[in-house]
Amino acid sequence: MEEITYDKTYREHTLIRVLGMTSLTILILAGVAGAAPFAYVTNLGDYNQRGYYYDMNYNGTVPTPTVAVIDTATNNVTARVPLGGGWPVGIVVNPAGTKLYVASAAIDVCTVYVIDTAANTVSAKVNIGSSYPSGITVNPAGTRVYVPKQRDNTDISVINTATNTLMAPIIVEQSTHNVAITPDGKKIYVTNFRGNITSVIDAATNKVTGSASVGDSPCGIAVTPDGKKVYITNYNSSTVSVINTATDNVITTVSVGSLPDRVAVTSDGNKVYVAGSSTVSVIDTATDTVIATVPVGTSSREIVISPDGSKVYLGNFYNKSVTVINTKTNTVTATVPVGEWPLGIAVTPDGKKEYVTNAESDNVSVIDTATNTVTATVNAGIYPTGIVIVPLKDSNMTAQSTGTTSNATEDIGVKETNLPSEEINTVELNNSKKNDSESDNGSSSNENESSKNNSTPGFGLLGSLTCLYGGWKLRKK
């Protein structure tokens, strides 16, 4: 009888332990799945190396470019991933959120750095030669990375992401500017800034299958979510060319505001927003006509649509602000002051926060999208430019973070002279920098280098469950 009672008690306690551990495991996984995403920001180095950029004789310490990792739950920098050198000109994340690809320009050797987002370390480096990259794009399957080249270069580097090795280059016209890929991953469209054409590439063979004559100085490019149309901004023509992907012909040309650059399509595919020198033109994709012209700040360098499609965010380069446009009314609902030279913009997947890189201020502004106010300023490093938001592996990646190139640095102070946007001179940037102390004022970030685990939600719930489990066990005794 005593043996039967003992066995029953043992089995009961064992079951309780198993249930408790199973519940804890489920909660741990749930906590990880619900963790806040991270913002990855390219910059030219840490603040203690800033002096190099104020010495025109280059007598200071040569800085090491990094990618700063910002926890969006706390707005703290939790890690810095050092790059080998050069000037980061583009950053993208693969659809799974497991890898980042950073294109870095240098005088001798240009490199694509592959960053493992789980470890926040560089896992591979791909040498793409001495040609200056204009940006970087990853295909929807995450199997290929494309790096267009500027100036006199006629090739696009193609990286096999499984082996992190170069494939045969794609030969196109001079000075490729931006790359866009259809949602099914079958076709690639490339704007050739100097050739006034858009090249069409078969993604399976990496061969050019056609070209469409567009306007003067094509730069920005976007594909509709259904993959049926491509919209190309023609900078010096103040027009947008519309290509039918079934025939790869230009079916219409739309007149828009002056000096159109960036372009974005809403997630429902109904509207296209084109950023010009001081206006945003809104195109109805059903009729390919401009249905609204929205006055904004001067010289927009980035345009992003919120995940739910309700808002458009526009960085105003010379006005130190971000314009917020309501997509239902196509009116400006707010103008948010940020730092100097806002270049990169990224929105969290839940749409609650917007991160803006302020290159000349050496910081990142965090905007609460409900109130349209800056709630934090993060010291991410010297001259932050590109930015992407990386959800966890089981989250859906937005088209904005995988299908567009991040090439904010090549545009600075160039297009106003009607020269190709890639003709950037880094000395110009050196001349414009302020003294060391200005950009540090008003920062609300303590830049602790804690691990990602510090922000994982659900810890309180885990503690509560542990207490409940312990109490239950004591009562059973």
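Computed from a predicted structure; not experimentally measured. All residue numbers refer to position in the chain's written sequence, counted from 1. Local features in this predicted model are restricted to residues whose pLDDT is 70 or higher, and side-chain atom pairs enter the listing and the counts only when it is 80 or higher, whereas totals over whole chains, interfaces and linings include all residues. Note that water and hydrogens are dropped before the side-chain values are worked out from all heavy atoms of the structure.

Participant: Any chance you could explain the overall build of the protein here in plain terms?
Facilitator: Counting from the N terminus, the helices are DSSP H or I runs at least four residues long and the strands are E runs at least two residues long. The helix and strand tally for the protein stands at 4 helices and 33 strands. In the protein, buried positions account for 55% of the 477 residues. Pairs of residues are marked as contacts when any of their non-hydrogen atoms sit within 4.5 Å. Looking at the protein alone, contacts between residues at least 24 apart form 49% of all its contacts between residues at least 6 apart. Working definition of accessibility: Shrake-Rupley area with a 1.4 Å probe, residue cover restricted to the visible protein chains. About 19400 Å² of surface is accessible on the protein, with carbon and sulfur atoms providing 53% of the total. Only protein chains enter the area calculation, which uses a 1.4 Å probe; residues under 20% of their type maximum are buried, those over 50% are exposed, and those in between are partly exposed.

Participant: How should the sheet that holds strand 27 (residues 321-326) be read in this particular structure?
Facilitator: Strand pairing in a sheet is mediated by backbone hydrogen bonds. Such pairs are either parallel or antiparallel. Spatially, 4 strands are ordered 25-26-27-28 in an open sheet, and the strand pairing comes out antiparallel. At either end of the open sheet lies a strand with only one pairing partner, and these are strand 25 (300-305) and strand 28 (331-337). Here the strands of the sheet are splayed against their neighbours by 20° on average, with no regard to which way each runs. Pairing of strand 26 (residues 311-316) with strand 27, which is carried by 6 bridges, proceeds in the antiparallel orientation. Bridge pairing links Val 312 to Ile 325 in strand 27. For two strands to be treated as a pair, DSSP must find at least two bridges joining them. As a rule, the C-alpha atoms of each element are fitted with a line to give its axis, helices using only the stretch in contact, and angles between N-to-C directions run from 0 to 180 degrees.

Participant: Looking at this structure, how should I read the sheet that holds strand 24 (residues 289-295)?
Facilitator: The strand order across the open sheet formed by 4 strands is 21-22-23-24, and the pairing between neighbours is antiparallel. This sheet does not close on itself; its edge strands, each paired only once, are strand 21 (263-265) and strand 24. The average angle at which neighbouring strand axes cross in this sheet is 20°, direction not considered. Direction of pairing for strand 21 relative to strand 22 (residues 271-275): antiparallel, over a ladder of 3 bridges. The partner of Val 265 across the bridge, within strand 22, is Val 272.

Participant: Which parts of the structure should I look at to understand the side chain of Thr 182?
Facilitator: One can find Thr 182 in the loop between strand 13 (176-181) and strand 14 (187-192). Polar contacts involving the side chain of Thr 182 include one to the main-chain amide nitrogen of Lys 186, which spans 3.4 Å. Ignoring sequence-local partners within four residues, the contact set of Thr 182 consists of Pro 140, Lys 187, Tyr 189, Val 223 and Gly 227. As used in this structure description, the phrase polar contact means that two N or O atoms lie within 3.5 Å; if the pair is within protein, one of them must be able to donate a hydrogen and the other to accept it, and residues adjacent in sequence are counted only when both atoms belong to side chains.

Participant: Sorry if this is basic, but what is going on with the packing of aromatic side chains here?
Facilitator: We describe a pair of aromatic rings using the distance from one ring centre to the other and the angle between the two ring planes. The criterion for an aromatic pair is that two Phe, Tyr or Trp rings (for Trp, the six-membered ring) have centres within 6.5 Å, with stacked assigned to planes under 30 degrees apart, edge-to-face to planes over 60 apart and tilted to the rest. For the structure on display, the rule yields 4 aromatic pairs. Geometrically, the ring pair formed by Phe 317 and Tyr 318 is edge-to-face, given 4.7 Å between the ring centres and 85° between the ring planes. With a relative accessible area of 41%, Tyr 318 lands in the partly exposed category. When the ring of Trp 341 is compared with that of Tyr 383, the centres are 6.3 Å apart and the planes differ by 90°; the resulting orientation is edge-to-face. One end of the pair, Trp 341, is in the loop between strand 28 and strand 29 (342-347); the other, Tyr 383, is in the loop between strand 32 (373-378) and strand 33 (387-390), with 42 residues separating them in the sequence. With a relative accessible area of 14%, Trp 341 lands in the buried category. Since its relative accessible area comes to 2%, Tyr 383 is described here as buried. Taken together, the ring pairs in this structure connect Trp 87, Phe 317, Tyr 318, Trp 341 and Tyr 383 into an aromatic cluster.

Participant: Sorry, what's going on with the pattern of salt bridges here?
Facilitator: When the charged atoms of two side chains lie near each other, side chains of opposite charge can form a pair. We define a salt bridge as a side-chain nitrogen of Lys or Arg found within 4 Å of a carboxyl oxygen belonging to Asp or Glu. Per the stated rule, a full pass over the model turns up 4 salt bridges. Residues Lys 229 and Asp 288 are paired through a salt bridge, measuring 2.9 Å at the closest nitrogen-oxygen approach. Placement of Lys 229 in strand 18 (residues 229-234) and of Asp 288 in the loop between strand 23 (279-284) and strand 24 is noted, with a sequence separation of 59 residues between them.

Participant: Mind showing me how you'd approach the environment of Val 240 here?
Facilitator: The topology assignment puts Val 240 in strand 19 (residues 239-244). The class for Val 240 is buried, based on a relative accessible area of 0%. On a C-alpha basis, the gap between Val 240 and Pro 218 in space is 8.7 Å, while along the polypeptide they are 22 residues apart. Residues within four places of Val 240 in sequence aside, it is in contact with Tyr 231, Ile 232, Thr 233, Asn 234, Thr 252, Thr 253, Val 254, Val 256, Val 274 and Ile 283.

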